[in-house]
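Listed below, chain by chain, are the residues.
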Number of protein chains: 2
Amino acid sequence: MTTPGALDRFYSVIPAGGIGSRLWPLSRADAPKFLHDLTGSGHTLLRDTWDRLTPISGEQRIMVVTGRAHRAAVEAQLPALADANVVLESEPRDSTAAIGLAAAILERREPGVIVGSFAADHVIRNQRLFAAAVKEAVAAADEGYITTIGIKPTEPAIGFGYIQCGGALTVSGAPSALAAASFVEKPDLATAERYLDSGSYLWNAGMFIARADRLLEEIGRSKPELLAGLLELAAAWDDPATRGPAVDRIWPNLEKIAIDYSVAEPAAAGGRLAVIPGYFDWDDVGDFASLSKLNSGGRTTDLAILGADARVLADASSGIVVSQTKRVISLIGVKDIVIVDTPDALLVTTTDNAQRVKSVVDALKVSGSTDVL
Amino acid sequence: MTTPGALDRFYSVIPAGGIGSRLWPLSRADAPKFLHDLTGSGHTLLRDTWDRLTPISGEQRIMVVTGRAHRAAVEAQLPALADANVVLESEPRDSTAAIGLAAAILERREPGVIVGSFAADHVIRNQRLFAAAVKEAVAAADEGYITTIGIKPTEPAIGFGYIQCGGALTVSGAPSALAAASFVEKPDLATAERYLDSGSYLWNAGMFIARADRLLEEIGRSKPELLAGLLELAAAWDDPATRGPAVDRIWPNLEKIAIDYSVAEPAAAGGRLAVIPGYFDWDDVGDFASLSKLNSGGRTTDLAILGADARVLADASSGIVVSQTKRVISLIGVKDIVIVDTPDALLVTTTDNAQRVKSVVDALKVSGSTDVL
């Protein structure tokens, strides 16, 4: 049952790592997706994430895990972020290491802490419904469940992974909690339609809420060496004399594995994973098709325009223009187009081809054009 | 009959005036179409035109009519162009004024001169066949005909005007000369197909060859006031003391009318117009569809790339990229695309919409974005 004050023991963790290669040339190694305003809100996605979490956990209880290169940009975006809550990665080691280290550090500082991990670069539009789902998730986490918030699908999306729901759980404070039967990878369209019709599949939004001790226990079940490294690092973390050497020695050798594989799937298989259905608008803004839809109110006949200084003149055109220059951009008769105009690189494709943008990044690497990556 | 030495009395005139609005943003007020290399030859179209004419008339017998703003660029392209053969327009007054003034000046300097006017911004690929057609046209001109060279159509083009041919003429030195029955405007596709099938229509390439006195006589028939102005200007031209005042007084008041309407159509209607069929490759490169075809060997499945510093990475794409920057341009899955990338303006359209580019220029004028025109 839920201990009174579970939310008081809640800590938000924001892993701010991925570049977002399918959003190249907007997203780059030195300007990753979470540092962009992709909704025209006037704020970066990271800042929007922070603003969504502060009403739930408070400014003092949000930890950000990011790359050393992004420290200044992150701190500029989040001036209220406490120094002790910045975890810098010397290199990317995937989400188990990032979230696991945060959990291990927090558990040492505050035994019994409940951590919730929320991507830095997703878009969520209904704060009230989001907060309600997190509150239920915290309640389920306090009961010992590894808990996720799965998004109620609104269409047969093929760009997301899905969570297959099982029966209802009885958890005080989490009336909508269900058992998670399994996680499934991005489906083809026919499968996605079947998932949608069944009513028993939710989108995997990569949100994981758990007691830190339970999260570490799950990592230890599947990846004991990784857990040992994380615990050793956490033990050295809060002493300036020991942190640096420990990071140098341990971090580069940690196994790179997504938390979906190390924690979520095994926990689901073992009946230890709860899912709270989320009814808020959510998008991972994974590619330009998604960005286009997000910025045109879902109307594919519209042309979405992103960029404070955009000078776009469009005739009989639809899709999206992202402008990071002050150039005049003129479109005539191009449908479902994607145009990303940056000072040193230009992308022209269509929303249908949005998933293939990552291959350009790969091709540019191969061809040595790393100056624009 | 042909006077021996008619070619010795031949003078080429190159009106270098039009901006080429359908090639915006490549062509601009300060960088008109004739100052671009549109074929990857390494030379501007103006220079290619000059190089095509010098074997026929000689470097000393080519006159260029251009805007004052283009003087330096024209002289840089054509270092052998004689000062006396540069006619500068204070403002554009269309082709009757431009060609008529050249004819009037040359007729005063050298009575009996034969002038041939050839656009500065067309592409012709077979010098030998071009020279042979000009030679026949000069012979017909010497007989008193207003003479044009019409291009044998290779496809049912809808972007060109046509010349309807009549019966054969008997002209010494011009065995292929035909009477021109009429000029017709750009047709629709069905009509263009009918023209092509009939075998009796040629493309109007805007080449006019005539004795200067005959050309002026035709202008006088249809536009006597315009002729009077031209003759007055020509009389003042070669005296530095009188040219400037005459230009200031007369030029801005000359009627703006294309030579097709003032000379060619009336001459055709009156049986005074001869046409020499031209069998050489010709293109007016009127829009980006034409430019695309020209630079991809006619294969519409190819992607043509223009620009010395172009860095283009294309996957499953066709059409044309014109690059005037050093930016990486990446295309994925865009067919028949037109991308023109310049430092201050970007155009994205398709070859099907190429004719609509001019409307962008009009819209930019209306919106006050004249900085990129």
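Rules used throughout
Residues numbered from 1 in each chain as written. Chains lettered and ligands numbered in written order. Predicted model: local features only at pLDDT ≥ 70, side-chain atom pairs only at ≥ 80, totals over all residues. Heavy atoms only, no water. Helix = DSSP H or I, 4+ residues; strand = E, 2+ residues; numbered from the N terminus. Rg over C-alpha atoms; globule rule 2.2 N^0.38 Å. Buried < 20%, exposed > 50% of the residue type's maximum accessible area, 1.4 Å probe, protein only. Contact = heavy atoms within 4.5 Å. Areas by Shrake-Rupley, 256 points an atom, 1.4 Å probe, with all protein chains shown as cover. Lys, Arg positive; Asp, Glu negative; His and termini not counted. Charge placed at Lys NZ, Arg CZ, Asp CG, Glu CD. Domains from an automatic or database assignment. Buried area = accessible area lost by both parts, 1.4 Å probe. Salt bridge = Lys/Arg side-chain N within 4 Å of Asp/Glu carboxyl O. Polar contact = N/O pair within 3.5 Å; in protein donor to acceptor, adjacent residues only side chain to side chain. Nonpolar A, V, L, I, M, F, W, Y, C, P; charged D, E, K, R; others polar. Phe/Tyr/Trp six-rings, centres within 6.5 Å; stacked < 30°, edge-to-face > 60°. Lys NZ or Arg CZ within 6 Å of the ring centre and 35° of its normal. Least-squares fit on C-alpha atoms with pLDDT ≥ 70 in both. 1 Å grid on protein atoms, 1.4 Å probe; cavity = no way out; pocket = protein on both sides within 12 Å on 5 of 7 lines; lining within 4 Å. Points joined across faces, edges and corners; volume = space filled by probe spheres on them. Pairing = 2+ DSSP bridges. Axes fitted to C-alpha atoms, helices over the stretch in contact; angles between N-to-C directions. Arc of directions from axis to C-beta.

Asks: I would appreciate a short explanation of the overall build of chain A in the present structure.
Replies: Across its full length, chain A holds 11 helices and 17 strands. In terms of C-alpha radius of gyration, chain A reaches 21 Å, essentially the compact-globule figure of 21 Å for 373 residues. Burial analysis of chain A (373 residues in total) assigns 55% to the buried set. Within chain A, contacts between residues separated by at least 24 positions form 67% of all contacts whose residues are at least 6 apart in sequence. Total accessible area on chain A stands at roughly 14600 Å², and carbon and sulfur atoms take up 51% of it. Of the charged side chains in chain A, 35 are positive and 46 negative, and the gap between their average positions amounts to 1 Å.

Asks: Honestly, the domain arrangement of chain A in this entry has me stumped. Any pointers?
Replies: Many structure descriptions define interface size as the accessible area lost when the parts assemble. Residues and elements named next belong to chain A. Domain annotation of chain A identifies domain 1 (6-283) and domain 2 (288-372). Taking the mean C-alpha position of each, domain 1 and domain 2 sit 29 Å from one another. Each partner contributes to the interface: domain 1 provides 16 residues, whereas domain 2 provides 22 residues. Contact between domain 1 and domain 2 buries roughly 1700 Å² in total, counting both sides, with carbon and sulfur atoms accounting for 59%. Asp344 is paired through a salt bridge with Arg28; the nearest N and O atoms lie 2.6 Å apart. The interface formed by domain 1 and domain 2 includes eight residue pairs in polar contact (both at pLDDT 80 or more). Taken together, the residues that form the side of domain 1 that touches domain 2 break down as six nonpolar, four polar and six charged.

Asks: Explain the interface of chain B and chain A here, please?
Replies: Listed per partner, the contact involves 35 residues of chain B and 35 residues of chain A. Between chain B and chain A the total buried area reaches about 2600 Å² when both faces are included, carbon and sulfur atoms providing 58% of it. Of all residues in chain B, the largest losses of buried area upon contact with chain A belong to Arg327, Ile332 and Leu346 of chain B, amounting jointly to 26% of the total for that side. A salt bridge links Asp371 of chain B to Arg311 of chain A, with the shortest nitrogen-to-oxygen separation between them at 3.1 Å. At the boundary of chain B with chain A, the tally comes to 24 residue pairs in polar contact (both at pLDDT 80 or more). At the level of elements, β13 (311-315), β15 (328-332), β16 (337-341), β17 (345-350) and α11 (357-367) of chain B are the ones that each hand at least two residues to the side of chain B that touches chain A.

Asks: Sorry, what's going on with the packing of aromatic side chains here?
Replies: Geometry of an aromatic ring pair is reported as the spacing of the ring centres plus the angle between the planes. All names here are of chain A. Throughout the structure, instances matching the rule amount to 16 aromatic pairs over all chains. With centroids separated by 6.4 Å and ring planes inclined at 35 degrees, the aromatic side chains of Phe183 and Phe208 adopt a geometry described as tilted. One end of the pair, Phe183, is in strand β8 (residues 178-184); the other, Phe208, is in strand β9 (residues 201-211), and 25 residues separate them in sequence. By the burial criterion, Phe183 is buried, and Phe208 matches it. For the cation-ring pair, Arg52 lies above Phe130, with the distance from its terminal atom to the ring centre recorded as 5.8 Å.

Asks: Any chance you could explain the pattern of salt bridges here in plain terms?
Replies: Working definition: two side chains of opposite charge can pair if their charged atoms are close together. In total, this model carries 40 salt bridges over all chains according to the counting rule given. Linking Glu110 of chain B and Arg61 of chain B is a salt bridge whose minimum nitrogen-to-oxygen distance equals 2.6 Å. Of this pair, Glu110 of chain B sits in the loop between α3 (94-109) and β4 (114-117) while Arg61 of chain B sits in the loop between α1 (45-57) and β2 (62-67); the two residues are 49 residues apart in sequence, bridging distant segments of the chain. Under the relative-accessibility criterion, Glu110 of chain B is labelled partly exposed at 24%. Judged by its relative accessible area of 18%, Arg61 of chain B is buried. Two residues, Arg109 of chain B and Asp238 of chain B, come together in a salt bridge whose shortest N-O distance is 2.8 Å. Remark: Asp238 of chain B occurs in the loop between α7 (224-237) and α8 (240-250) and Arg109 of chain B occurs in helix α3; sequence separation between them is 129 residues. Exposure remark for Asp238 of chain B: the relative accessible area of 45% places this residue in the partly exposed category. Via salt bridges that share partners, Arg214, Glu217, Glu218, Arg221 and Arg272 of chain A belong to a single interconnected network.

Asks: Help me understand the relation of the copies chain B and chain A, please; the structure alone is not making it clear to me.
Replies: Mapping between the two copies of the chain is achieved by a rotation about an axis and a shift along the axis. Superposition of chain B onto chain A requires a rotation of 179 degrees combined with a translation of 0.0 Å along the rotation axis, giving an RMSD of 0.1 Å. Taken together, the turn and the small shift mark the pair as related by a two-fold rotation axis. Taking the C-alpha atom as reference, chain B places Val348 of chain B closest to the rotation axis, 4.3 Å from it.

Asks: So what exactly am I meant to see when it comes to empty space enclosed by the protein here?
Replies: Any space left empty among the atoms is revealed by the rolling of a water-sized probe across them. Residues and elements named next belong to chain A. As enumerated under the stated definition, the model contains four cavities of 30 Å³ or more in all. Taken as a whole, the largest cavity spans an internal volume of roughly 50 Å³. Lining the largest cavity, in full, are Arg52, Phe118, Ala119, His122, Ile124, Phe130, Met207 and Trp282.

Asks: What should I look at first to understand the side chain of Ser117 of chain B in this one?
Replies: All names here are of chain B. Following the sequence through the fold, Ser117 ends up in strand β4. Under the relative-accessibility criterion, Ser117 is labelled buried at 2%. Excluding residues that lie within four positions of it along the chain, Ser117 makes contacts with Val13, Pro15, Ile99, Gly206, Met207 and Phe208.

Asks: How should unusual backbone geometry be read in this particular structure?
Replies: If a residue is not glycine, its phi is most likely negative; likewise, a peptide bond is most likely trans. Residues and elements named next belong to chain A. Residue Pro25 is reached from Trp24 by a cis peptide bond, and omega for that bond is 5 degrees. Here Pro25 shows up in the loop between β1 (10-16) and α1 (45-57). In this structure, Val285 is a non-glycine residue whose phi angle is positive, near 45 degrees. By the secondary structure assignment, Val285 is in the loop between β11 (282-283) and α10 (288-294). A residue is classified by how much of its surface remains accessible, and Val285, at 0% relative accessible area, is buried.

Asks: I keep staring at the sheet that holds strand β15 (residues 328-332) of chain A and nothing clicks. Help me out?
Replies: By definition, the strands of a sheet pair up through backbone hydrogen bonds, in either a parallel or an antiparallel sense. An order of β13(A)-β15(A)-β17(B)-β16(B)-β14(B)-β12(B) is seen for the six strands of this open sheet, with the pairing classed as mixed. What marks the edges here is a single partner per strand, and that holds for β13 (311-315) of chain A together with β12 (303-306) of chain B. When the angles between neighbouring strand axes are averaged without regard to direction, this sheet yields 10 degrees. As judged from the four bridges shared by β12 of chain B and strand β14 (residues 319-323) of chain B, these two strands associate in the parallel manner.

Asks: Where do I start with helix α11 (residues 357-367) of chain A in this structure?
Replies: In an α-helix, one full turn covers 3.6 residues, which means residues spaced three or four apart are oriented alike. Those residues of α11 of chain A that fall on the buried side of the exposure criterion are Val357, Val360, Val361 and Leu364 of chain A. Buried residues of α11 of chain A fall within an arc of 100 degrees about the axis and therefore sit on the same side. Of the residues in α11 of chain A, the exposed ones pointing more than 90 degrees away from the buried face are Lys365 and Val366 of chain A. On its buried face, α11 of chain A is in contact with α10 and β17 (345-350) of chain A together with β13 and β15 of chain B. Phi for Gly368 of chain A, located one or two positions after α11 of chain A, is positive at around 85 degrees.

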